Amino acid sequence: MKALSPQQTGKYASWAFAEARPIEDDVLLMARDRSAELGITPVSEGTASTLTFLAAASRPQTMVELGTGAGVSGLALMRGAPAGAVLTSLDPDAEAQRAAREAFVADGYPSSTTRLIAGRGRTVLPKLSASAYDLVFIDADPLLLEYHVTEAARVLRSGGMVIIHDALDHDRVPRPAVREASTVMLREVGNTLRDDTSVWRTSTLLPTGTGLLLATRV
């Protein structure tokens, strides 16, 4: 294996330091344990911390999450959002959603503020009202990302934010030789969010976790 250059080694050490910085409480750790039991890979500690920060900064009242998992990312968003914010979270895995519900209850969120829907984005997203949401978090099948982003643009209010998880496709996106379907899709969507200024006002890519791609709606 090719040795890392000193600069690369330093960058990895900085990334690892940032990922290890958050200190998570018992509820988040419980959600992570349930994720492991169910064979689900949750967002990283650094990603969860960033989601909380982004929600606190943007103060969304209505949020959509594609990919409930066992509730780690949903908890992170709800903890940053203002009191009374409502999260609509979609996932076809009903057992995972039951685990997420337990985590939300343990954290004090009533069912009226955490709306869990067992279904896929293609089925449920078209039923959501247009221009009615402040934030959309996407952690779902990367091969459907273009569709999910198009729907996110439809349901977001002006100034609303879309956040895409694993935007670096486990570090494959920066490597031009990698042409896997998921990698190509993430590159193309990233270019669209950057270049289509008729829909997206601004966009940025963060190396947090396995990558977060963010854009705000015109």
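Our structure's up above, just so we're on the same page.
All of the points below concern the structure found in this document. (Residues numbered from 1 in each chain as written. Predicted model: local features only at pLDDT ≥ 70, side-chain atom pairs only at ≥ 80, totals over all residues. Heavy atoms only, no water.)

Formed by 28 residues in total, the largest nonpolar core has its most connected members in Val136, Leu145, Val149, Val162, Ile164, Leu193 and Trp200. Per-element accounting of this core gives the leading share, five residues, to helix α7 (residues 145-155). Sequence-distant contacts of Ile164, defined by excluding residues within four places in its chain, comprise Ile138, Leu145, Val149, Leu186, Val189, Leu193, Gly211, Leu212 and Leu213. (Core = buried A, V, L, I, M, F, W, Y, C linked by side-chain atoms within 4.5 Å. Buried < 20%, exposed > 50% of the residue type's maximum accessible area, 1.4 Å probe, protein only. Helix = DSSP H or I, 4+ residues; strand = E, 2+ residues; numbered from the N terminus. Contact = heavy atoms within 4.5 Å.)

Glancing now at the sheet that holds strand β5 (residues 156-165). The mixed open sheet is built from seven strands, whose spatial order is β3-β2-β1-β4-β5-β7-β6. Of all strands in the sheet, those with a lone pairing partner are β3 (114-118) and β6 (200-206), marking the two edges. Pairs of neighbouring strands in the sheet enclose a mean axial angle of 15°, with direction left out of account. One ladder, built from six bridges, connects β6 with strand β7 (residues 212-217); its direction is antiparallel. For Thr204, the partnering residue across the bridge sits in β7 and is Leu214. The sheet contacts of helix α3 (residues 45-58) involve β4 (133-138), β5, β6 and β7, and relative to β5 the element is tilted by about 175°. The strands that helix α5 (residues 94-106) touches are β2 (86-91) and β3; relative to β3, the one it contacts most, it runs at about 175°. (Pairing = 2+ DSSP bridges. Axes fitted to C-alpha atoms, helices over the stretch in contact; angles between N-to-C directions.)

This brings us to the environment of Arg157. Relative to the helices and strands, Arg157 resides in strand β5. Filtering out sequence-adjacent residues up to four positions away, Arg157 remains in contact with Thr62, Ser131, Ala132, Tyr133, Asp134 and Arg217.

For side chains bearing opposite charge, pairing can occur when the charged atoms are close. Considering all chains together, one arrives at nine salt bridges under this definition. The closest approach of N and O atoms between Glu24 and Arg32, which form a salt bridge, is 2.6 Å. Arg32 carries the same exposure label as Glu24, and that label is buried. One salt bridge connects Arg79 with Asp25, and the closest N-O pair in it is separated by 2.9 Å. One end of the pair, Arg79, is in helix α4 (residues 72-80); the other, Asp25, is in the loop between α1 (6-20) and α2 (26-37), and 54 residues separate them in sequence. (Salt bridge = Lys/Arg side-chain N within 4 Å of Asp/Glu carboxyl O.)

What the rule picks out here adds up to one aromatic pair. The lysine or arginine in question, Arg122, covers the ring of Tyr147, its NZ or CZ lying 4.3 Å from the ring centre. (Phe/Tyr/Trp six-rings, centres within 6.5 Å; stacked < 30°, edge-to-face > 60°. Lys NZ or Arg CZ within 6 Å of the ring centre and 35° of its normal.)

To characterise two packed helices, one gives the angle between the axes of the helices and the distance between these axes. Look at α3 against α4: their axes get within 7 Å of each other, and the N-to-C directions meet at 30°. Classified by the angle between their axes, α3 and α4 sit roughly parallel to one another. Between α3 and α4 lies a crossing whose hand is right-handed. Residue-level contacts link Ala48, Leu51, Thr52, Ala55 and Ala56 of α3 to Ser73, Ala76, Leu77, Arg79 and Gly80 of α4. When grouped by side-chain class, the residues that make up the contact of α3 with α4 number six nonpolar, three polar and one charged. (Parallel < 35°, antiparallel > 145°, perpendicular 65-115°, else oblique. Left-handed = near helix turned anticlockwise from the far one by under 90°. Nonpolar A, V, L, I, M, F, W, Y, C, P; charged D, E, K, R; others polar.)

Further remarks concern α3. Counted at 1.5 Å a residue, the expected span for α3 with its 14 residues is 20 Å, and the 20 Å between its end C-alpha atoms agrees. Among all positions in α3, only Gly46, Thr47, Ala48, Thr50, Leu51, Leu54 and Ala55 are buried. Of the residues trailing α3, Arg59 is marked for its positive phi of about 50°. (Expected span 1.5 Å × (residues − 1).)

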